[in-house]
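Residue strings, one per chain:
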Amino acid sequence: ADPVNGKKVFKKCVTCHSLQEGKNKIGPSLYNLLDRKIGSVEGYKYSKAMKNSGVVWDEESLDKFLTKPRKFSPKTKMSFRGIKNKSLRDDLISFLKHK
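The model shown is predicted, which means the values in this text are computed figures rather than measured ones.

Enquirer: Explain helix α3 (residues 59–67) to me, using residue names and the numbers behind them.
Expert: When we look at burial in α3, the residues that qualify are Ser61, Leu62, Asp63, Phe65 and Leu66. The residue sitting at the N-terminus of α3 and contributing the capping side-chain oxygen is Asp58; that oxygen lies 3.1 Å from the backbone nitrogen of Glu60.

Structure, rendered in structure tokens:
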């Protein structure tokens, strides 16, 4: 996976998400995303489905979510349709691992 290309892919996310700790936008901050429990960012109002999922973000769960968010969590507030291309998802996840 290529984190440099992942930074380019992240441009699809930046409208709604920040990489700064504590800076939520329309969506929660993605700072330190991996190994974090879903629905745990302070100050962000999650859907009940996401908040109560009990899932911890790892590469596998993030890949499934990014493929089709509403399939992963049908009641998510996220309106993004997903990223079909596996290599682009891998690049994005690689980029987020370092944030």
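Enquirer: I'd like to hear about the nonpolar core, residue by residue, with values.
Expert: Of all hydrophobic cores here, the largest spans 20 residues; its most connected members are Phe10, Leu33, Met50, Trp57, Leu62, Leu92 and Leu96. Contributions of two or more residues to this core are made by α3 and α5 (86–97). Take this core: its biggest share by element is 4 residues, from α5.

Enquirer: Would you mind going over α5 in detail, with residue names and values included?
Expert: Look at α5: 16 Å from first C-alpha to last across 12 residues, which is about the 16 Å you get at 1.5 Å a residue. Residues Arg89, Asp91, Leu92, Ile93, Ser94, Phe95 and Leu96 constitute the buried set of α5. As for α5, its buried residues are in contact with α1 (3–9) and α3.

Enquirer: Describe in detail the pattern of salt bridges, supporting the description with residues and values.
Expert: As enumerated under the stated definition, the model contains 5 salt bridges in all. The shortest N-O distance in the salt bridge between Glu59 and Lys97 comes to 3.0 Å. With Glu59 in helix α3 and Lys97 in helix α5, the pair connects residues that are 38 residues apart, well separated along the chain. By relative accessible area, which is 42% here, Glu59 ends up partly exposed. Judged by relative accessible area, which is 44%, Lys97 ranks as partly exposed. We note a salt bridge from Lys64 to Glu60, for which the minimum N-O separation is 3.4 Å. With Lys64 and Glu60 both in helix α3 and 4 residues apart, the pair spans about one turn of that helix. The network of salt bridges with shared partners includes Asp63, Lys86, Arg89 and Asp90.

Enquirer: Got a sec to walk through the environment of Asn32? Specific residues and values, please.
Expert: Topologically, Asn32 is positioned in the loop between α1 and α2 (48–51). Residue Asn32 is classed as partly exposed on the basis of its relative accessible area of 46%. For Asn32 and Met50, which are 18 residues apart along the polypeptide, the C-alpha to C-alpha distance reads 17 Å.

Enquirer: Describe the environment of Lys97, naming the residues involved and giving the relevant values.
Expert: For the pair Lys97 and Glu59, spaced 38 residues apart in sequence, the C-alpha separation works out to 8.7 Å. Beyond its immediate stretch of four places on either side in the chain, Lys97 contacts Leu34 and Glu59.

Rules used throughout
- Residues numbered from 1 in each chain as written.
- Predicted model: local features only at pLDDT ≥ 70, side-chain atom pairs only at ≥ 80, totals over all residues.
- Heavy atoms only, no water.
- Buried < 20%, exposed > 50% of the residue type's maximum accessible area, 1.4 Å probe, protein only.
- Helix = DSSP H or I, 4+ residues; strand = E, 2+ residues; numbered from the N terminus.
- Polar contact = N/O pair within 3.5 Å; in protein donor to acceptor, adjacent residues only side chain to side chain.
- Core = buried A, V, L, I, M, F, W, Y, C linked by side-chain atoms within 4.5 Å.
- Expected span 1.5 Å × (residues − 1).
- Contact = heavy atoms within 4.5 Å.
- Salt bridge = Lys/Arg side-chain N within 4 Å of Asp/Glu carboxyl O.

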